[in-house]
Amino acid sequence: MVTEKQSKTHVSPGLESRLAREADEALRRALDNLAERQSELGCWTGDYGGPMFLLPMYVILCRVADQEIPRERRGRMITYLRNVQNPDGSVGLHCEGAGSMFTTTLCYVALRLLGVDAQDRDAAAMRSWMLEHGTALGAAPWGKWMLCLLGLYDYRGLNPTPPELWLLPYSAPVHPGRLWCHCRQVYLPASYLYGIRAQISPDELLLALRQEIYDSPYAEIDFAAHRDTICEADSYTPQSLLMRAANRTLLAYEQLPNAGLRGRALAEVLRHIDYEDMVTNFIDIGPVNSVMNTICHHFREPGGERFQRGFEALEQYLWDGHDGLKMQGYNNSQLWDTAFAIQAIISTPYADEHARTLELAHRFVRDNQILEDVPEREAHYRDPCRGGWPFSNRAHGWPITDCTAEGFKAAVAMEQRVERPVPEELLADAIRLILYWQNDDGGWATYERTRGAAWLELLNPSGVFGDIMIDYSHTECTSACVQALALARRRFPGWRCGDIDAALERGVEFLRRRQLPDGSWEGAWGVCFTYGAFFAVSALVAAGVSADDPAVGRACSFLLARQRPDGAWAEHHSSCAEGRYVQGAEPHMVNTSWALLALLRGGCTDREALARGVKALLEGQGMDGGWPREAIVGMFNKTCAITYDNYRHYFPLWALSEWLQSVGRP
Ligand code: LAN
């Protein structure tokens, strides 16, 4: 197939060199734009919104804990909620998704709590959608939790999340410590709030809401009959038989309350909540546990110090963007963006002209590496941290496999350019950690080595998300770690080379096994097959796999077959939920960049296709040298998209740069 493609690869040399001149010009402007956007801290910061359950959770916290949101802020939040509403009145799981009962209900409640009248046109349209799709009774469980806190749903209508699970011995396969850290950190405060049946008493507005979100009088609803009710739109992971059996057992347990045991379990849960707050400076691993831990503190000690600190830390999750004020999926993506921006800039011939930008960026990377393991880490089910890099910043504190890998790559790339590079011993620590994190299957997961069995996914209670129960090995995380190890082998010749070579070999094998028969890789954290190809091909080639290798050839053919007539690639976010390449409507500059980078690194010889891709990037570039906002391109847990606003500022630049290198500068 590769040879077939190679036979029609001509592009007239005149055309190519004209394009190269334009690309060179575009590259310079893109670099200026990127430099312009750097923050004083040296990092890049961007809108990290997208998930539509987050802002309502924040608003609900404010209501539960009686924290008044300043008027101007309320206005910006309302603007956001109106902006993300779909034409049919609904709100999606994420800002570009089709209607979900989970998020439509929460956004409706948030709008009303923010002061919007029930008669308001947008609010009324949301309510109509809810009533037409089975009412709030069909909201996914996390939505019902939030409603319970406000007294808008009855705890009898929840499947149990008992805190007692935390008292099981770790050897139990269902011990929460074995779950994906995000999953266990969400169910941790959820189990506390469930355990104490946390609820505020309703005021007039809440009493009105009880009538608005259902189609029958609140007092007449048999909530217990709706434990498993879930609107079709929210049902991505249907309940397994195992889950049903488990719920029946847990319900039976709830009928026989044992105050002593519950008390001990709640104390144990609080111990873990306090620990998570302590080691993350109250930022917490993610937005959901950040809100929920703070709610726990409120019920423990209203207005207490823990509550105050948790509430203040939430500020870091808020972002006032072009479409209003939202809650982000993390306390931003600075480290991740900065590590990529550095690598993109360094790939160009103009790195010296941006020495100051690079130096500042490097400083951010250096100063945000994690230097210490968390204390008593085994008692709180934590992996080592020393030498790792986080996704956002050091204050957040949780290191991640691929962030560590990209941080390492950026730090090594900058070593010769700065006076105070990352000390060698800390670079070595990053590699030690990456070696430690490799899974038995040869791949790397996100934050931790995989601890739980894959069958635990049968107990996924979320309805709306896929693959949340354990930390799985992923193509992207593996690819980043493989690239870092390949670099480490060169950076530290002779040091632990047996271990590094063995890890690399197993990593490459993992990536080969993950390649699908059509030559593609399914990405988990970006949209989707273009993202997977970018990482996997980069890793294979970095690890020494030749461009003649059939795996690389098949990857290139896969991508070439999906190039649009206008030269661009455009992949729709539903690729992730559907597990197949879904074409998007508009040319997508970040997808195009990923595809081009994969093709270039994979040694694609179809110069005409590459030139058309580059042309699409040039046509898409804005006056300011950047690329305009486009369809959402980040992803998590199969169904929820998330905005990576800075991708459009460095991936196209990086692709142009590598293309120019491949054709020779004008
Ligand atoms: C993230 C953000 C970063 C992302 C990468 C490092 C890019 C990725 O390569 C690995 C996975 C990771 C760390 C990731 C996992 C899921 C997160 C934490 C998020 C997408 C940010 C928000 C999301 C989190 C789970 C949102 C809360 C929802 C739950 C289902 C708990």
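Up top is the structure these notes are about.
Computed from a predicted model, the values in this text were never measured in an experiment. (Residues numbered from 1 in each chain as written. Predicted model: local features only at pLDDT ≥ 70, side-chain atom pairs only at ≥ 80, totals over all residues. Heavy atoms only, no water.)

A. Fine view of the overall build of the chain. The helix and strand tally for the chain stands at 25 helices and six strands. Rg of the C-alpha trace for the chain: 25 Å, near the compact-globule value of 26 Å for 666 residues, within the 12% margin. Seen through its principal axes, the chain has C-alpha atoms that stretch 75 × 55 × 45 Å. Across the 666 residues in the chain, those meeting the buried criterion constitute 64%. Counting only contacts in the chain whose residues sit at least 6 apart along the sequence, the fraction spanning at least 24 positions is 75%. With the model as given, the accessible surface of the chain reaches about 24800 Å², and the carbon-plus-sulfur share is 51%. Across the chain, 65 positive and 84 negative side-chain charges occur, with their mean positions spaced 2 Å apart. (Helix = DSSP H or I, 4+ residues; strand = E, 2+ residues; numbered from the N terminus. Rg over C-alpha atoms; globule rule 2.2 N^0.38 Å. Buried < 20%, exposed > 50% of the residue type's maximum accessible area, 1.4 Å probe, protein only. Contact = heavy atoms within 4.5 Å. Areas by Shrake-Rupley, 256 points an atom, 1.4 Å probe, with all protein chains shown as cover. Lys, Arg positive; Asp, Glu negative; His and termini not counted. Charge placed at Lys NZ, Arg CZ, Asp CG, Glu CD.)

B. Spotlight on helix 17 (residues 424-437). Its 14 residues give helix 17 an end-to-end C-alpha distance of 20 Å, which sits within 8% of 20 Å, the value for a rise of 1.5 Å per residue. Among the residues making up helix 17, those that are buried are Leu 426, Leu 427, Ala 428, Asp 429, Ala 430, Ile 431, Leu 433, Ile 434, Leu 435 and Trp 437. The inward-facing, buried residues of helix 17 contact helix 16 (401-414), helix 18 (475-491) and helix 19 (497-514). (Expected span 1.5 Å × (residues − 1).)

C. Inspection of the site of the ligand at higher detail. With respect to spatial proximity, 20 residues lie near the ligand, and among them Tyr 48, His 182, Gly 329, Asp 402 and Phe 636 are the closest. Taking Asp 402, its side chain carries an N or O atom lying 2.3 Å from an oxygen atom of the ligand. Relative to its unbound accessible area of 630 Å², the ligand is 99% covered by the protein chains. Contributing elements (two or more residues each) for the shell around the ligand: helix 8 (181-195) and helix 16. Of the residues contributing to the shell around the ligand, the split by class is 15 nonpolar, four polar and one charged. (Near = heavy atom within 4 Å. Polar contact = N/O pair within 3.5 Å; in protein donor to acceptor, adjacent residues only side chain to side chain. Nonpolar A, V, L, I, M, F, W, Y, C, P; charged D, E, K, R; others polar.)

D. Here's a closer look at unusual backbone geometry. Its identity as a non-glycine residue notwithstanding, Glu 376 has a phi of 40°, on the positive side. With respect to the element layout, Glu 376 can be found in the loop between helix 15 (355-367) and helix 16. Taking relative accessible area as the criterion, Glu 376 reaches 59% and is therefore assigned exposed. The backbone of Tyr 381 shows a phi angle near 60°, a positive value even though the residue is not glycine.

E. Inspection of a nonpolar patch on the surface at higher detail. A surface patch of nonpolar side chains, about 450 Å² in accessible area, is lined by Leu 165, Leu 168, Val 174, Leu 242, Trp 455 and Leu 458. As for its position among the elements, Trp 455 is in the loop between helix 17 and helix 18. Overall, Trp 455 belongs to the partly exposed group, its relative accessible area being 38%. (Patch = residues over 30% accessible without salt bridge, like charges linked within 9 Å, V, L, I, M, F, W, Y side chains within 5 Å. Salt bridge = Lys/Arg side-chain N within 4 Å of Asp/Glu carboxyl O.)

F. Just the pattern of salt bridges, in detail. Taken as a whole and assessed by the stated rule, the structure comprises 45 salt bridges. A salt bridge links Glu 254 to Arg 197; the shortest N-O distance between them is 3.0 Å. Separated by 57 residues along the polypeptide, Glu 254 in helix 10 (residues 241-255) and Arg 197 in the loop between helix 8 and helix 9 (204-212) bring together distant segments of the chain. Here Arg 356 ties to Glu 359 by a salt bridge, and the two come within 3.8 Å at their closest N and O atoms. In this pair, Arg 356 and Glu 359 are both assigned in helix 15, three residues apart and thus about one turn of the helix distant. Taken together, the salt bridges that share partners define one network made up of Glu 164, Arg 197, Glu 254 and Arg 262.

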